[in-house]
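# Close look at the chain arrangement
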Amino acid sequence: MKLQYLGDSRDSFKWDYHHYLVPALGAKELQIIWMRTKDDIGTHGQTRAELFPARQEILKFCSALKAKPDFRKLDGLPALANAKYGVRQYGTDCCFSNKERRTYFEGVEPSRGIILLDPDNGFEPERSCSEKHVGYGDIERLAGRMPPSTVISVFQHFRRKPFPDDFARIQERLHSGLATAIYWHSLMFVLITKSEEMRKRVRRVNCAYAEERLMKGRQVINVLK
């Protein structure tokens with residue numbers, strides 16, 4: 001995750017969805033695990049937040065993030081709608097190192113809420129794993145230390161295959177946990193939990209969220225088992 005990405009259209013989907021998910025599941029906390037990388041001179045992160053049909057308060061929030069990018073502003077996410085959950089952030093002040101991957105994830109404190117992993121690209125591809133990716137071993141180590149009620153949400157950017165096919169492959173490679181997913185345009189969130197009942201609850205919430213984000217009767221959010 002680069003600072004320059006804050007406030008773009010994917011960020012709009014990210015915060016609108018998780019701001020919906022956490023209270024819908026009755027969770028008390030959203031823990032954001034940044035996998036921060038250095039900004040660059042590329043064009044990524046320049047899409048308008050309004051491209052995603054987020055709630056107006058989220059769009060205003062993303063506008064403020066884009067104007068003055070600062071990870072600490074995410075602490076104010078619950079206050080947008082007087083939601084009763086807290087935000088805890090990890091890794092705001094340093095760039096993620098592939099060499100220190102194991103130590104980095106071992107430093108994450110257990111949570112009974114929602115854990116959002118935010119890499120540049122998503123899950124490791126078939127033959128490599130860089131600082132832009134979450135490793136399957138990272139998920140295994142995190143899930144092993146969390147209670148059954150915890151849900152791990154992983155940012156997954158589109159990678160030249162349909163999201164249903166990509167999700168099926170991700171499921172095959174997961175060593176720990178049960179998964180479901182939700183996606184829009186070029187972004188998917190894969191949600192992992194150790195509880196079958198929690199997976200069902202997450203999927204019900206995802207279906208309700210997708211219905212609320214219809215645009216002129218057209219489905220823009222898709223839910224996967």
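Just above, that's the structure.
A brief report on the enclosed structure follows.

### Things to note about the overall build of the protein chain
- Across its full length, the protein chain holds 6 helices and 9 strands.
- Its C-alpha radius of gyration of 16 Å places the protein chain within 12% of the 17 Å reference for a compact globule of 225 residues.
- Judged by the C-alpha coordinates and their principal axes, the protein chain covers about 40 × 40 × 35 Å.
- Here the protein chain holds 225 residues, and 52% of them are scored as buried.
- Of the contacts formed within the protein chain by residues at least 6 apart in sequence, a portion of 72% connects residues at least 24 apart.

### Focus on the pairing of strand S3 (residues 114–118)
- Counting buried residues along S3, 5 of its 5 residues qualify, which places the element largely inside the surrounding structure.
- Neither face of S3 is open: one carries Ile114, Leu116 and Asp118, the other Ile115 and Leu117, and all of them are buried.
- Inspection of the sheet shows strand S1 (residues 29–34) paired to S3 by 5 bridges, in the parallel sense. Pairing of Gln31 across the sheet is with Ile115, part of S3.
- Direction of pairing for S3 relative to strand S6 (residues 151–157): parallel, over a ladder of 4 bridges. The residue bridging Leu117 from the neighbouring strand is Val154, located in S6.

### Focus on the pairing of S1
- By the criterion of burial, S1 is predominantly enclosed, with 6 of the 6 residues buried.
- Across the two faces of S1 the burial is the same, with Glu29, Gln31 and Ile33 and Leu30, Ile32 and Trp34 all buried.
- In this structure, S1 lies alongside strand S2 (residues 86–90), joined through 5 bridges in parallel fashion. Bridging across to S2, Gln31 finds its partner in Arg88.

### Concerning the nonpolar core
- Residues Phe13, Trp15, Leu30 and Ile221 are the most contacted members of the largest nonpolar core, which totals 44 residues.
- Those elements that place two or more of their residues in this core are helix H1 (9–24), S1, helix H2 (56–67), S3, S6, strand S7 (178–184), strand S8 (187–193) and helix H6 (196–212).
- The element that contributes the greatest number of residues to this core is H1, accounting for 6 residues.
- Counting residues in hydrophobic clusters, the runner-up holds 28 residues, among them Ile33, Phe96, Met188 and Ile192.

### Focus on the pattern of salt bridges
- All chains considered together, the criterion is met by 20 salt bridges.
- Each of Glu124, Glu126, Arg169, Glu172 and Arg173 takes part in salt bridges that share partners, so that together they form one network.

### A look at the packing of aromatic side chains
- Using the criterion set out here, one finds 18 aromatic pairs in the structure.
- With centroids separated by 5.9 Å and ring planes inclined at 20°, the aromatic side chains of Tyr17 and Phe189 adopt a geometry described as stacked. With Tyr17 in helix H1 and Phe189 in strand S8, this residue pair connects regions lying 172 residues apart in the sequence.
- Phe189 sits in the buried class, given a relative accessible area of 0%.
- Each residue in the set Phe13, Tyr17, Tyr20, Phe52, Phe155, Trp184, Phe189 and Tyr209 is aromatic and connected to the rest through ring pairs, giving one cluster.

### Describing the environment of Thr180
- Along the polypeptide, Thr180 turns up in strand S7.
- As for Thr180 and Ala81, which are separated by 99 residues in sequence, their C-alpha atoms are 26 Å apart.
- Setting aside anything within four residues of it in sequence, one finds Thr180 in contact with Phe167, Phe189, Val190, Leu191, Arg199, Val202, Arg203, Asn206, Leu224 and Lys225.

Quick notes on the rules
Residues numbered from 1 in each chain as written. Predicted model: local features only at pLDDT ≥ 70, side-chain atom pairs only at ≥ 80, totals over all residues. Heavy atoms only, no water. Helix = DSSP H or I, 4+ residues; strand = E, 2+ residues; numbered from the N terminus. Rg over C-alpha atoms; globule rule 2.2 N^0.38 Å. Buried < 20%, exposed > 50% of the residue type's maximum accessible area, 1.4 Å probe, protein only. Contact = heavy atoms within 4.5 Å. Pairing = 2+ DSSP bridges. Core = buried A, V, L, I, M, F, W, Y, C linked by side-chain atoms within 4.5 Å. Salt bridge = Lys/Arg side-chain N within 4 Å of Asp/Glu carboxyl O. Phe/Tyr/Trp six-rings, centres within 6.5 Å; stacked < 30°, edge-to-face > 60°.

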